[in-house]
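Spelled out from the first residue to the last, the chains are:
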Amino acid sequence: MTVHFPFQNSYSALPDSFFARVAPTPVAAPRLIKLNRPLALQLGLDPDLLETPEGAAILAGKTVPEGADPIAMAYAGHQFGHFVPQLGDGRAILLGEVIDRDGVRRDIQLKGSGPTPFSRRGDGRAALGPVLREYIVSEAMFALGIPTTRSLAAVFTGEHVIRETALPGAVLTRVAASHIRVGTFQFFAARRDTEAVRRLADHVIVRHYPGLRDLERPYHALLAGVVERQANLIARWLLVGFIHGVMNTDNSSISGETIDYGPCAFMDTYNPSQVFSSIDEMGRYAYANQPRIALWNLTRLAECLLPLFSDEQEKAVAEAQDILGAFTETFSTAYQAGLRKKVGLFTERDGDEALIQDLLDAMAKNQADFTLTFRKLGDAAVDDSADARAQFMEPAAFDEWAGRWRARIALDSQSATERQAAMHAVNPMFIPRNHRVEAVIQAAVNDDNYAPFEELVKVLAKPFDDQPAYTAYADPPLPDQRVLQTFCGT
Ligand code: AMP
Ligand code: MG
């Protein structure tokens, strides 16, 4: 039996300017580190066959499976605010698309599979550490219910990549609704190729926003659709303490998925200005800046679409501004609704927003752990507040707030156990804490030991369950375990 991928490729049928045809570069000795078996099944692939040496060779880019049409996608992008007219897949190759069990078209892409015409000075390769990090965090996001690219497999290449030192090399198989980014539109808009922008927009509408196809103004509706999905996505990030780290326009997905896990991280103690990425010196992509940056990125998308809106520039700009204007309200509505759920409110009353903001302010002032404060607040709904107040440097700050909170929740008719269950369903016990991710990477890179990776992935697959055997995974880092910086690792 050979591995069969039921490829149906639509992107490689677009005009030649959209991509470069390029095959993965074979690697020395591929060895499968991890196959995501449930995802393989969801994609209509046979997990047993993917686990054979032949499967590993495909997932490492050593053999190209039947029906694949490997390409590197062209895109541009604003990196930290500076426009780069040509980026493109420099170390990723799209093998093709499959239709999953729910009828959704999904890209299957190898990341780290060798140079492409877009590699510039890069080697087209990925190191093991960042591959494991992306696997862990993207799958954790999925388990948290947040739109994201997925990880189908991680493969050890048997080769070294040269970074500051020689590191073991790996390939990640990434699965996405598509890899089309704001930067993909920018690539053509920067070349004043309006016909290509239109082709791309049409492709995106069919693929991601099929309901808009027959509308009178489909391109306006497309912008509105992306605005809505991005606003909701960023709200979801904030509600779990996620910091993307490199929200460049080339890392901003048109389908509304979280994409490109580089120096991303979840925060431990709540701090709105938290930054982990070593390259984000100005804090452009700090936790609380993310909504503003998403809107900035969407404004770049709107600029690309202006020629499709109207021949009259002024009219087109006014229409785009009108659509972008919805971002703030959509974001706030999603964020505030999410916060209300996090503190166990079932109804909406005057003063709720201020009550919640006061909690966040007290958390910031008292270096409270973001995840555990909300999780333990769920327990405080049925029990005493001991575990929740223990998160605060000055527990009295919590007590003062908790008094007001108890008075407020008493106004809702739900029982204490109902409230706890509802809160536990939105407040995770387990997130991919930096120090855990680092420890897993160290064990793999230094000792070829993947047991910690396996265990972390397993725990994070059920973030809302108590999992009593694994409570240590919920613990914040000890002072000497704290990770202060994360790296792109490219
Ligand atoms: P990223 O920081 O992963 O979003 O990548 C930004 C750009 O740099 C993209 O065009 C990537 O394809 C490219 N790039 C990143 N790492 C490498 C590498 N090792 N080799 C070639 N291109 C790379
Ligand atoms: Mg990128």
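Owing to the predicted nature of the structure, the values given are computational and were not obtained by experimental measurement. (Residues numbered from 1 in each chain as written. Chains lettered and ligands numbered in written order. Predicted model: local features only at pLDDT ≥ 70, side-chain atom pairs only at ≥ 80, totals over all residues. Heavy atoms only, no water.)

Glancing now at the site of ligand 1. Of all residues adjacent to ligand 1, which total 18 residues, the nearest are G88, G90, R120, G124 and D260. Between a nitrogen atom of ligand 1 and a side-chain N or O atom of R91, the distance comes to 3.3 Å. At a separation of 3.1 Å, an oxygen atom of ligand 1 approaches a polar side-chain atom of N251. Relative to its unbound accessible area of 480 Å², ligand 1 is 86% covered by the protein chains. Here the shell around ligand 1 is composed, by residue class, of two nonpolar, eight polar and eight charged. (Near = heavy atom within 4 Å. Polar contact = N/O pair within 3.5 Å; in protein donor to acceptor, adjacent residues only side chain to side chain. Areas by Shrake-Rupley, 256 points an atom, 1.4 Å probe, with all protein chains shown as cover. Nonpolar A, V, L, I, M, F, W, Y, C, P; charged D, E, K, R; others polar.)

Quick look at the packing of helix 4 (residues 128–143) against helix 17 (residues 451–460) now. Direction vectors running N to C along helix 4 and helix 17 enclose 15°, while the axes themselves pass 9 Å from each other. The pairing of helix 4 with helix 17 is recorded here as roughly parallel in orientation. At the point where helix 4 passes helix 17, the crossing takes the right-handed sense. Touching L132, Y135, I136, A140 and A143 of helix 4 are F453, L456, V457 and L460, all from helix 17. For the contact of helix 4 with helix 17, the per-class residue count stands at nine nonpolar, no polar and no charged. (Axes fitted to C-alpha atoms, helices over the stretch in contact; angles between N-to-C directions. Helix = DSSP H or I, 4+ residues; strand = E, 2+ residues; numbered from the N terminus. Parallel < 35°, antiparallel > 145°, perpendicular 65-115°, else oblique. Left-handed = near helix turned anticlockwise from the far one by under 90°. Contact = heavy atoms within 4.5 Å.)

Right, let's talk about the packing of aromatic side chains for a bit. Considering all chains together, one arrives at 18 aromatic pairs under this definition. Seen in terms of ring centroids, F392 and F398 are 5.3 Å apart; in terms of plane orientation they differ by 45°. Their pairing is tilted. In this pair, the class of F392 matches that of F398, namely buried. Directly above the ring of Y75 sits R181, whose terminal nitrogen or CZ lies 4.2 Å from the centroid. When the ring centre of W296 is taken as origin, the NZ or CZ atom of R284, which lies over that ring, is 4.8 Å away. (Phe/Tyr/Trp six-rings, centres within 6.5 Å; stacked < 30°, edge-to-face > 60°. Buried < 20%, exposed > 50% of the residue type's maximum accessible area, 1.4 Å probe, protein only. Lys NZ or Arg CZ within 6 Å of the ring centre and 35° of its normal.)

The magnesium ion (ligand 2) binds to the protein through N251 (OD1) and D260 (OD), with metal-donor distances spanning 1.8 to 2.1 Å. Per residue, the accessibility class of N251 equals that of D260, and both read buried. (Donors = N, O, S within 2.8 Å, 3.2 Å for Na, K, Ca; no water.)

What follows deals with the packing of helix 11 (residues 352–365) against helix 14 (residues 395–409). One can describe the packing of helix 11 onto helix 14 by two numbers: an axis separation of 10 Å at closest approach and a directional angle of 150°. In terms of axis orientation, helix 11 runs roughly antiparallel to helix 14. Here the hand of the crossing between helix 11 and helix 14 comes out left-handed. Together, D352, L355, D358 and L359 of helix 11 and W401, R404, W405 and R408 of helix 14 make up the contact between the two elements. Per-class residue counts for the contact of helix 11 with helix 14 are four nonpolar, no polar and four charged.

Another aspect to go through is the domain arrangement of the protein chain. Taken as a whole, the protein chain is organised into domain 1 (11–179), domain 2 (183–240 + 281–336) and domain 3 (344–490). Relative to domain 2, the C-alpha centre of domain 1 lies at a distance of 26 Å. Contacts between the two partners involve 27 residues from domain 1, matched on the other side by 21 residues from domain 2. Each partner contributes to the roughly 2,000 Å² buried at the junction of domain 1 and domain 2, and carbon and sulfur atoms together form 64% of this total. At the boundary of domain 1 with domain 2, the tally comes to two salt bridges. Between R207 and D107 there is a salt bridge, and its shortest N-O distance comes to 2.6 Å. Across the contact surface, domain 1 and domain 2 share nine residue pairs in polar contact (both at pLDDT 80 or more). Sorting the residues of the side of domain 1 that touches domain 2 by element identifies strand 4 (77–79) and strand 7 (105–111) as the ones contributing at least two each. Here the side of domain 1 that touches domain 2 is built from residues that sort into 16 nonpolar, eight polar and three charged. (Domains from an automatic or database assignment. Buried area = accessible area lost by both parts, 1.4 Å probe. Salt bridge = Lys/Arg side-chain N within 4 Å of Asp/Glu carboxyl O.)

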